[in-house]
Amino acid sequence: MSDTQTNSLAERLVARFGEVLGKVETVRGETTIEVAPSDLMQVATALRDEPDFDFSELIDVCGVDYLGYGQNEWETTSVSGAGFSRGVHGEATGRFDWEGRPRNVEMERRFASVVHLLSIRHNRRLRVRTFCEDDALPLVPSLVGLWPVANWFERESFDLYGIVYDGHPDLRRILTDYGFVGRPFRKDFPLIGNVEMRYDPDKKRVVYEPVTSVVPRVLVPRVIRDDVDLQQAKAEAADHWQEN
Amino acid sequence: MSAQEIRNYTMNFGPQHPAAHGVLRLVLEMDGETVVKADPHIGLLHRATEKLAESKPFNQSIGYMDRLDYVSMMCNEHGYVRAIENLLGIEAPIRAQYIRTMFDEITRILNHLMWIGSNALDLGAMAVFLYAFREREELMDCYEAVSGARMHATYYRPGGVYRDLPAKMPQYNESRWHKGADLKRLNQWREGSMLDFLDAFTDDFPSKVDEYENLLTNNRIWKQRTVDIGIISPEQAQAWGMTGPMLRGSGIEWDLRKKQPYAAYADMDFDIPVGVHGDCYDRYLVRVEEMRQSNRIIKQCVKWLREHSGPVMLNNFKVSPPSREAMKHDMEALIHHFKLFTEGYGVPAGETYAAVEAPKGEFGVYMISDGANKPFRVKVRAPSFVHLSSMDAITAGHMLPDVVAMIGTYDVVFGEVDR
C-alpha cells in the first residue's frame, strides 16, 4: 500500500460521506474514520457495497474502554524533598480489588467499538471507530446483517465490555464462564477478578467465593514519560549502527 | 390414531471429545444423523491474555503470544512484535528479517504437520500422525537450538530477534535409547551449523510430503470423508471473514505474504496454492502444497543467511539490552540495562493494526498505546476464532461425522480461540 493510495482513500471517504465522518486520519498508512452510532449502518453499508470501497471482509470488531487513557501511576516530574515518589498511586488495572474498584467513573465518550475492514479487491484496510454516547448503556448498531462474521466479535465485545450491539440476533456471553458477573475487560474491573473457585470437601462440590488468595499488586508501575527518549534512541541507533 | 411426536435431539459434542481439538463444547441439534444447528460454546480456556498484556510492560507479553496459537508460536510473536515496531517506528535489521521469515515458515510447516496428523487421526487414519510427528521433531529441535525452548520460544523481540542462529546444531547424546547406527542416523544432519541442518532437512522434506500424500491424497476413505464436505463459496468465505487456507481453499488468491509483504517476503519466490471447490479436500490440498512452498522459502532464507552476516538486533538501548561486556565498563549501558528491565520502554501514543499470515490465516494485533510503558489496549485477532464462528452456517445440513471433518479443516486451536 503506497501513501498516495491511502491518502486518496481518506480523501475519497471525505468526499463521499462529508459531514457524517467525525474524524479522518491517516497515520503510517493506516486510515481511521470516526462515525457516530446513528450513522454507522449507512456508512458501513456503503463501504461494503460501493465498488469504489468494496470492503468485502470484516476483519475485527474490538471493544475499547478509554477510562484512564494517558494516566500515570507514578509521578516522575515533580520531586519532593524525599526525592521521587516511590509509592505507586492511581487507579490503573491491577491495583484494586472488587470491593475497592473505582465507582462513578463516568467520562465523556468512554466506550468505543472499533471495526477493521479489508478490501480484497483493492488490497486496502480501513479502521472505523464508533464512540458510544452513553456510558451507562453503551449502544452501537450491530453489523451482523452486513457481515455475518461480526456475530462472535460483537458477542465478545458485549461479554468483555458490556457494549450492547443493537440488532444483534443472539447477544450472549461468549468467553467468560457460565453465570459470570461483571465486564472483565473494563478498566474498573480488577485484574484479580471478583470471585475465585475451589473444591469444598465438606460440600463435595466446587464453590465460588470472593477473592482472598491473591492480593492486587503491580510489579512495574505504569509510567508515561514526556522526554525525548525515542528521538534520542533513534539518534543513538544511527550512531551505533556502524559499530556492529 | 394420534400422530407420534418426533422431536430433534440435542447433543453435547465435547469438551472432552478427542476430536474437539482441546476444549470445544459443541451443542448440536440433531434431526436423526443430520445436524440442524450447531452452537459452539467456547471460552473454557479463556485466560484474559489481552487484559494481562495491558498490565505488563510491552516486552513481558511476548511469551503470552506463544501460548495463543500454541502450534504456530513464532507467527504470533511476529504479529505482536510488528505492532510494537510500528508504533515505535523502528525496523529490525535485515538479517533479523530473514531469520523471522525462515522461522515463520518453519512454524507454518510445524502447524500444518500437526494439522495433517490430527485431522487424519480424527477421520480414522492413524499412521499419518506418526509420520508427521517425525518431521515435527526435527523442526522443534530448530526452535530449541535457537531459543532454548521447543515450543514457547519468545524469540522475536521488538527490534530483531533475541540472538543469532547457533553455529553448531545440538546433537543427540548416546543413551539407552539412541546408540550405534541409530545414533549415527539421528546425528547425520547435525554435524554442522543449524543452517547445514536446515539445508539437509529442506532437501529431504519434499519426499516426506510425498509420503503423507501417498497415505491420503488418493485414499478412498479419506476422499469419502472430505470431498464435497463443508463447501464454502468465495462469497461465503468473505462474508465470514475467512483468511489463510480457508479463503484460498475457496479459490481466492489472497495471501498477506504476497499482497502486503512484511519481513523478507517481498524477496522470496513462492506460489500461492488455491482450491477450486472450496471443500475439505481442497483445503487439504492447499495446506499440503503450502508445506512444499514453505520448504522453498526456507531454502531461500538459508541461502541468504549463509551469504550475509550482520546484526540481528537493533543497537538501540531503549528497546534492546546492551551487551554484558559493555555493561561492565560503560555507565550508560548499565543504566540502560537497568531501565529496560525494570520499567521497559515507553511507546509513542497512537494505534496500529499489524497482521501476519499465520498458518491458520490472518493473525492480527490491534494495539493502542497512550505513551506509557504498557499497552493501553491489545486486541488479538485470531484466525481460529473467526473460522469457528461460521460453524453453524457451514455444518447445518451435514451429517454428524462431517462435523468432525469440519473441525479438522478449520484447524482450530483453542489457545487462540479463547485467548
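All figures in this text were calculated on a predicted structure; none of them were measured in a lab.

Basis of the calculations
In this numbering scheme, every chain counts its residues from 1 along its sequence in written order. Both sets of labels track the order of writing: A upward for chains, 1 upward for ligands. Two thresholds apply to this predicted model, a pLDDT of at least 70 for residue-level local features and 80 or more for giving and counting side-chain atom pairs, whereas whole-chain, interface and lining totals are computed over all residues. Each side-chain value is derived from all of the structure's non-hydrogen atoms; neither hydrogens nor water enter the calculation. The helix count covers DSSP runs of H or I at least four residues long, the strand count covers runs of E at least two residues long, and both are numbered beginning at the N terminus. Buried, partly exposed and exposed residues are distinguished by accessible area as a fraction of the type maximum, computed with a 1.4 Å probe on protein chains only: under 20%, between the cut-offs, and over 50%, respectively. Throughout, a residue-residue contact means that at least one pair of heavy atoms, one from each residue, lies within 4.5 Å. Note on areas: Shrake-Rupley, 1.4 Å probe, and residue coverage restricted to the protein chains presented here. Criterion for a salt bridge: a side-chain nitrogen of Lys or Arg within 4 Å of a carboxyl oxygen of Asp or Glu. Two parts lose some accessible area (1.4 Å probe) when they are put together, and adding that loss for both gives the buried area. UniProt positions are given in the numbering used here, feature names are shortened, and annotations may be inferred rather than shown by experiment. Strand pairing is assigned whenever DSSP detects at least two bridges linking the two strands. Axes here refer to lines fitted to C-alpha atoms; in helices the fit is confined to the stretch in contact. Angles between the N-to-C directions go from 0 to 180 degrees. Disulfides are defined as cysteine sulfur pairs within 2.5 Å. An angle below 35 degrees is read as roughly parallel, one above 145 as roughly antiparallel, one from 65 to 115 as roughly perpendicular, and any other as oblique. Each crossing gets its handedness from the near helix: less than a right angle anticlockwise from the far helix is left-handed, clockwise is right-handed. For this classification, Asp, Glu, Lys and Arg are treated as charged, while Ala, Val, Leu, Ile, Met, Phe, Trp, Tyr, Cys and Pro are nonpolar and the rest, including Gly, are polar. By the criterion applied in these results, polar contacts are pairs of N or O atoms within 3.5 Å in which, for protein atoms, one can donate a hydrogen and the other can accept it, and in which residues neighboring in sequence qualify only through two side-chain atoms. Values of pLDDT, the confidence the predictor places in each residue, fall between 0 and 100. Expected span of a helix: the number of residues minus one, times 1.5 Å. For the charge count, each Lys or Arg is scored as positive and each Asp or Glu as negative, with His and the chain ends excluded. For the purposes of this section, nonpolar cores are sets of buried Ala, Val, Leu, Ile, Met, Phe, Trp, Tyr and Cys residues that join through side-chain atoms within 4.5 Å.

A.B. asks: How do you make sense of the overall build of chain A when you look at a structure like this?
C.D. replies: Within chain A one finds four helices and nine strands. In chain A, which comprises 244 residues, the proportion classed as buried is 49%. Long-range contacts, defined as pairs at least 24 residues apart, comprise 59% of the intrachain contacts of chain A with a sequence gap of at least 6. For chain A, the exposed area adds up to about 12300 Å²; of that, 51% sits on carbon and sulfur atoms.

A.B. asks: Sorry, what's going on with the pattern of salt bridges here?
C.D. replies: A side chain with one charge can pair with a side chain of the opposite charge if their charged atoms come near. Under the definition given, this model contains 54 salt bridges over all chains. Across the pair E351 of chain B and R129 of chain A runs a salt bridge, and its minimum N-O distance is 2.3 Å. Residue E351 of chain B is found in strand 6 (residues 350–358), and its partner R129 of chain A is found in strand 5 (residues 124–131); the two belong to separate chains. Classification of E351 of chain B by relative accessible area gives buried; the value is 12%. Several salt bridges converge on common partners, so that one network encompasses D60, E156 and K187 of chain A together with E50, E54, R377, K379 and R419 of chain B.

A.B. asks: Mind showing me how you'd approach the interface of chain B and chain A here?
C.D. replies: The parts lose accessible area when they come together, and the size of an interface is often stated as this lost area. Across the boundary between the two partners, chain B contributes 71 residues, which contact 68 residues of chain A. Between chain B and chain A, a total of about 5800 Å² is buried, with carbon and sulfur atoms accounting for 56% of that surface. Area buried by chain B at its contact with chain A is led by K51, N315 and F376 of chain B, which between them contribute 13% of it. Viewed at the interface, chain A and chain B are joined by nine salt bridges.

A.B. asks: Got a minute to help me understand the UniProt feature "domain: NADH-quinone oxidoreductase subunit D" (unreviewed entry) in chain B in this structure?
C.D. replies: What UniProt calls "domain: NADH-quinone oxidoreductase subunit D" (unreviewed entry) maps, in this numbering, to residues 122–171 and 194–419 of chain B. Helix makes up 44% of residues 122–171 of chain B and strand makes up 8%, while its end C-alpha atoms are separated by 34 Å.

A.B. asks: Is there a simple way to explain the sheet that holds strand 4 (residues 111–119) of chain A in this structure?
C.D. replies: Residue and element names in this part refer to chain A. Spatially, five strands are ordered 1-2-5-4-3 in an open sheet, and the strand pairing comes out mixed. The strands lining the two open edges of the sheet, one partner per strand, are strand 1 (21–27) and strand 3 (57–65). On average, each strand axis in the sheet is tilted by 20° relative to the strand beside it, whichever way the strands run. Note: strand 2 (residues 30–35) against strand 5, three bridges, orientation parallel. Its bridge partner being in strand 5, E34 is matched across the sheet by R129. Across the sheet, helix 3 (residues 150–161) touches strand 3 and strand 4, and the angle it forms with strand 3 is around 5°.

A.B. asks: Hey, could you run me through the state of the cysteines in this one?
C.D. replies: In a disulfide, the sulfur atoms of two cysteines are covalently bonded to one another. Residues and elements named next belong to chain B. Under the criterion given, the structure shown has zero disulfides over all chains. Take C301: it sits in no disulfide, and the sulfur closest to it among the cysteines is that of C75, at 12 Å. Overall, the relative accessible area of 0% leaves C301 in the buried class.

A.B. asks: Hey, could you run me through the packing of helix 4 (residues 94–122) of chain B against helix 5 (residues 127–147) of chain B in this one?
C.D. replies: The relative placement of two packed helices comes down to the angle between their axes together with the axis-to-axis distance. Residue and element names in this part refer to chain B. Closest axis-to-axis distance for the helix 4/helix 5 pair is 9 Å, and the angle between their directions is 155°. Comparing the axis directions of helix 4 and helix 5 gives the class roughly antiparallel. The chirality of how helix 4 crosses helix 5 is left-handed. Between helix 4 and helix 5, the residues in contact are F103, I106, T107, I109, L110, L113, M114, I116, G117, S118, A120 and L121 and V128, F129, A132, F133, E135, R136, L139, M140, C142, Y143 and V146, respectively. Classifying every residue of the contact of helix 4 with helix 5 gives 18 nonpolar, three polar and two charged.

A.B. asks: Honestly, the side chain of R248 of chain B in this entry has me stumped. Any pointers?
C.D. replies: Residues and elements named next belong to chain B. Among the secondary structure elements, R248 is positioned in helix 10 (residues 245–249). Look at R248 and you get buried, because its relative accessible area is 0%. Within the structure, R248 has its side chain in polar contact with the backbone oxygen of W254 (distance 3.0 Å). Of note is the side chain of R248, whose polar atom sits 2.6 Å from the side chain of E290.

A.B. asks: What should I look at first to understand the pairing of strand 1 of chain A in this one?
C.D. replies: Side-chain positions along a regular strand alternate between the two faces of the sheet. Residue and element names in this part refer to chain A. Sheet topology note: the strand 1/strand 2 ladder contains six bridges and is antiparallel. Across the sheet, V27 pairs through a bridge with E30, a residue of strand 2. Here strand 1 hands over to strand 2 after two residues, with R28 in that stretch at a positive phi of 50°.

A.B. asks: Mind showing me how you'd approach the confidence of the model for chain A here?
C.D. replies: The predicted coordinates should not be examined in detail at positions where pLDDT is low. In the predicted model, chain A carries a mean pLDDT of 80, and the fraction of residues at 70 or more is 79%. Element-level pLDDT for chain A is lowest in helix 4 (residues 229–241) of chain A, with a mean of 53, against a maximum mean of 93 in helix 3 of chain A.

A.B. asks: What is the right way to look at helix 4 of chain B in this model?
C.D. replies: An α-helix turns once every 3.6 residues. As a result, residues three or four positions apart point the same way. Residue and element names in this part refer to chain B. Over its 29 residues, helix 4 runs 42 Å from end to end, which matches the ideal 42 Å to within 8%, given 1.5 Å per residue. Of all 29 residues that make up helix 4, 26 are buried, and the element is covered over most of its length. Following helix 4 by one or two positions, G124 adopts a phi angle in the positive range, close to 100°.

A.B. asks: I'm lost on the pairing of strand 5 of chain A in this one. Help?
C.D. replies: Residue and element names in this part refer to chain A. Extensive coverage of strand 5 is indicated by the burial of eight of its eight residues. Neither face of strand 5 is left uncovered, since the one carrying R124, L126, V128 and T130 and the one carrying R125, R127, R129 and F131 both have all their residues buried. For strand 4 and strand 5, the ladder comprises eight bridges, and the chain directions are antiparallel. Residue pairing in the sheet places V114 in a bridge with R129 of strand 5. Remark: four residues form the turn of the hairpin made by strand 4 and strand 5, two consecutive strands paired antiparallel; N123 in that turn has positive phi of roughly 55°.

A.B. asks: How should I be thinking about the side chain of D282 of chain B in this particular structure?
C.D. replies: All names here are of chain B. Looking at the secondary structure, you find D282 in helix 12 (residues 280–307). One buried charged residue, D282, forms no salt bridge at all, with the nearest opposite charge on R283 at 7.8 Å. D282 has contacts with G249, G275, V276 and H277, leaving out every residue within four places of it along the chain.

A.B. asks: For this particular structure, what's the right way to read the confidence of the model for chain B?
C.D. replies: Summing up the model confidence of chain B, the mean pLDDT is 89 and the portion of residues at 70 or higher is 100%. Here the prediction assigns the complex a pTM of 0.88, and the interface score ipTM is 0.87.

A.B. asks: How should I be thinking about the nonpolar core in this particular structure?
C.D. replies: A general trend in soluble globular proteins is that nonpolar side chains are found buried together. Of all hydrophobic cores here, the largest spans 173 residues; its most connected members are L47 of chain A together with M102 and F103 of chain B. The contacts of F103 of chain B, once residues within four sequence positions are left out, are M74, C142, Y143, V146, Y155, Y156, L165 and M194 of chain B.

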